[in-house]
Structures are given as C-alpha cells and as structure tokens.
Amino acid sequence: MTEFDPEKFEDKYANYFPELQKAYKQAFEVMNDRYDSELVHAIDQQILNESEPFYDEAEGFYVELPENPLDRLTAVIADDEKAETILDEFVAEIESQLRRIFDV
C-alpha cells in the first residue's frame, strides 16, 4: 500500500504513476472477466485512455471522462445503453481500485 498525500496527487503522474497504472490495469482485468472482452478493450483504449483521475477531500477519488465518451467507441458495435452501463461500472471499478491501492 502506498502512503497517500492529497497534495502530491495534484501532480499524480510524477508522484503516483505506477499506482495509477496498477489501478487501471486491475480494473481492466476485473471488467474483462465480467464482460465481452472486445467491448471492455474498446472502452479502455478509446475512452479511458483520455480519462483523468482526481482526488477531492469531500468526494474521494473520481474519474473524469472526455466529452461525449460513447461517441469515441468506433472499434466495436454495441448499443449505447450496454456500453454506458459497462463504462459506468468500469469507472466505478477504477475508483474502487484507487481507494484500495491508496487505502483512502
């Protein structure tokens, strides 16, 4: 477990890059075990690659997605409702992994 400093998280890529990679990778593995791997991979590569994790004292960890995230999905055919459900769960899993890794 990594000691977490909210102020250091402002420069997260310099201070916590390995932990961020681990959180995203573990979330991917969880989601890949639950859902269609093509859709999970497309969400990971076409949406979450442009996402940004943040930390707020009141809210904890949260992930901001790029604008119109579902419009970015071009590698697979999936209805918007299914893709949105999986994306929401994927984001929740990333946030959960961040909480676990940083024990926050």
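Structural data are supplied above this passage.
(A) Seen up close, helix α4 (residues 37–46). Within the sequence span of α4, burial applies to L39, V40, A42, I43, D44 and Q46. Elements that come into contact with the buried residues of α4 comprise α3 (17–34) and α5 (80–102).

(B) View of the pattern of salt bridges. Under the defined criterion, the tally for this structure stands at three salt bridges. Here E29 ties to K25 by a salt bridge, and the two come within 3.3 Å at their closest N and O atoms. Of this pair, E29 and K25 both sit in helix α3, four residues apart, which is roughly one turn of that helix. We note a salt bridge from E89 to R34, for which the minimum N-O separation is 2.6 Å. Of this pair, E89 sits in helix α5 while R34 sits in helix α3, placing them 55 residues apart in sequence. Residue E89 is classed as partly exposed on the basis of its relative accessible area of 23%. Look at R34 and you get partly exposed, because its relative accessible area is 47%.

(C) Region of the structure containing the pairing of strand β2 (residues 60–64). Relative to β2, strand β1 (residues 52–56) runs antiparallel, the two sharing five bridges. Bridge assignment links D56 to a residue of β2, and that residue is G60. The hairpin formed by β1 and β2 contains three residues between the paired strands.

Conventions and cut-offs
Residues numbered from 1 in each chain as written. Predicted model: local features only at pLDDT ≥ 70, side-chain atom pairs only at ≥ 80, totals over all residues. Heavy atoms only, no water. Buried < 20%, exposed > 50% of the residue type's maximum accessible area, 1.4 Å probe, protein only. Helix = DSSP H or I, 4+ residues; strand = E, 2+ residues; numbered from the N terminus. Contact = heavy atoms within 4.5 Å. Salt bridge = Lys/Arg side-chain N within 4 Å of Asp/Glu carboxyl O. Pairing = 2+ DSSP bridges.

Structural measurements only, silent on function.
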